[in-house]
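Chains, contacts and geometry: an overview
Single-letter residue listing:
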Amino acid sequence: MIHKIRLDEFLRQLVYEDIGRGDLFSRIMNTEVVEANIIAKSSGILSGELYVERLCELSSVETEFFCEDGKSFQMGSKIVTLKGKLCDVLILERSVLNLLEHSSGIATLTHRYVKMIEDSDCMLLDTRKTRPLLREFEKYSARNGGASNHRFGLDDCLMLKDTHLARILSLKKFIDEIRPKLPFTAKIEVECSNLLQVEEALDANVDILMCDNMSAEMVREAVELRNAISPKTLLEASGNITLSNIKEYAYSGADAISTGAIIHQATWIDMSMQIN
């Protein structure tokens, strides 16, 4: 769950970005109370309800949602009704649409990936490939599409990528030295691009092994090595995972598949506001 203080600060900045020094339309001092509906112009999976509800609450605009986060909707569906002063509703119009369209786009694409592997024992993860300052929002959207979150930042898991490994002479020695310095709950993940690196990482007793840009067949071989050397190590497949090949990776024996595409390749869901 997103912390309320962080959520409120994000939403205040969102409105400030649009309102600038003040909405010029509000100079008419229109206090008429209106109802407005957000209508979907295509089908998808809803996301953004949590943000929109709180945004409207902060602006004294009532909301009634007809679809919940993570649930499907059809083209023409009424997503939410807003009720409040005309000026207040119009001030929020673009911000509300941006939140719902962006978030639902990510959830909808994520759901397509999840459906492709739902019969396997493999889980779908997002990545840190998020737009600047929107990580929490975009990862929330991925969860609503059915994915699980990978790490949020550099502070919740130590991932050693190729750029780290280039300066580490002995992986086992490095891990032995750094593990006592990490929080008790923090895991160590190592990115590997070939089977020699896989063996070295497993010998070093890593918590998570990432098979980066490997073929599905190579991932299967890595799974066999994992099962023989360090069965408790989790194995993640990543890199160039698409809707056309994700099933092959899901049945390779990997515990998880991570892809940034569910966020950075998602397209917004078209919606519009109609004043009653």
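Preceding block: the structure.
Residues numbered from 1 in each chain as written. Predicted model: local features only at pLDDT ≥ 70, side-chain atom pairs only at ≥ 80, totals over all residues. Heavy atoms only, no water.

Relative orientation of the contacting elements helix α7 (residues 195–203) and helix α8 (residues 216–229) amounts to 25°, with a least axis distance of 10 Å. It follows from the interaxial angle that α7 and α8 lie roughly parallel. Remark: the crossing between α7 and α8 carries right-handed chirality. Residues Leu-195, Val-198, Glu-199, Leu-202 and Asp-203 of α7 pack against Met-218, Glu-221, Ala-222, Leu-225, Arg-226 and Ile-229 of α8. Here the residues of the contact of α7 with α8 sort into seven nonpolar, no polar and four charged. (Axes fitted to C-alpha atoms, helices over the stretch in contact; angles between N-to-C directions. Helix = DSSP H or I, 4+ residues; strand = E, 2+ residues; numbered from the N terminus. Parallel < 35°, antiparallel > 145°, perpendicular 65-115°, else oblique. Left-handed = near helix turned anticlockwise from the far one by under 90°. Contact = heavy atoms within 4.5 Å. Nonpolar A, V, L, I, M, F, W, Y, C, P; charged D, E, K, R; others polar.)

Quick look at the packing of aromatic side chains now. On inspection of all chains with the given rule, the structure shows five aromatic pairs. Seen in terms of ring centroids, Tyr-51 and Tyr-140 are 4.9 Å apart; in terms of plane orientation they differ by 55°. Their pairing is tilted. With a gap of 89 residues between them, Tyr-51 in helix α2 (residues 49–58) and Tyr-140 in helix α4 (residues 135–144) connect regions that are remote in the sequence. Each member of the pair, Tyr-51 as well as Tyr-140, carries the same accessibility label: buried. Put simply, the rings of Phe-10, Tyr-51, Phe-137 and Tyr-140 pair up and form one aromatic cluster. (Phe/Tyr/Trp six-rings, centres within 6.5 Å; stacked < 30°, edge-to-face > 60°. Buried < 20%, exposed > 50% of the residue type's maximum accessible area, 1.4 Å probe, protein only.)

Let's shift gears to the sheet that holds strand β3 (residues 62–65). Across the sheet, four strands lie side by side as β3-β5-β1-β12; this open sheet has antiparallel pairing. Sheet topology places β3 and β12 (271–275) at the edges, where each strand pairs with a single neighbour. Within the sheet, the average angular offset between the axes of one strand and its neighbour, ignoring direction, is 20°. As paired elements, β3 and strand β5 (residues 78–85) share four bridges and run antiparallel to each other. Residue Thr-63 lies in a different strand from β5, and its bridge partner there is Leu-82. Along the sheet, helix α3 (residues 86–116) makes contact with β1 (33–40), β3, β5 and β12, crossing β12 at roughly 160°. (Pairing = 2+ DSSP bridges.)

Bringing unusual backbone geometry into the picture now. One non-glycine residue with positive phi stands out, namely Ser-60, at about 60°. Structurally, Ser-60 is set in the loop between α2 and β3. With phi around 70°, Leu-133 is a residue other than glycine that occupies positive phi space. Mapping Leu-133 onto the fold places it in the loop between β6 (123–125) and α4.

Right, let's get into the sheet that holds β6. Pairing in this open sheet of six strands is parallel, and the strands run β6-β11-β10-β9-β8-β7 from one edge to the other. Looking at strand neighbours, the two that pair on one side only are β6 and β7 (157–160), the edges of this open sheet. Pairs of neighbouring strands in the sheet enclose a mean axial angle of 25°, with direction left out of account. Lying over the sheet, α8 contacts β9 (208–212) and β10 (234–238), oriented at roughly 170° with respect to β10.

The next thing to look at is the packing of α2 against α4. The N-to-C vectors of α2 and α4 enclose an angle of 130°; their axes lie 10 Å apart at closest approach. As summarised for this structure, α2 and α4 are arranged oblique, according to the angle between their axes. In this structure, α2 contributes Glu-49, Leu-50 and Tyr-51 to the contact, and α4 contributes Glu-136, Phe-137 and Tyr-140. For the contact of α2 with α4, the per-class residue count stands at four nonpolar, no polar and two charged.

We now examine the pairing of β1. Most of β1 sits out of view: six of its eight residues are buried. Pairing of β1 with β5, which is carried by seven bridges, proceeds in the antiparallel orientation. Residue pairing in the sheet places Ala-36 in a bridge with Leu-82 of β5.

Glancing now at the nonpolar core. The biggest cluster of nonpolar side chains holds 41 residues, and the ones touching the most others in it are Leu-124, Val-190, Val-219, Leu-235 and Ile-257. At four residues, α8 tops the list of elements feeding residues into this core. Not counting chain neighbours up to four residues away, the residues in contact with Val-190 comprise Leu-160, Leu-165, Leu-171, Ile-175, Ala-201, Val-206, Ile-208, Leu-209 and Met-210. (Core = buried A, V, L, I, M, F, W, Y, C linked by side-chain atoms within 4.5 Å.)

All we've got here are geometric facts, nothing functional implied.
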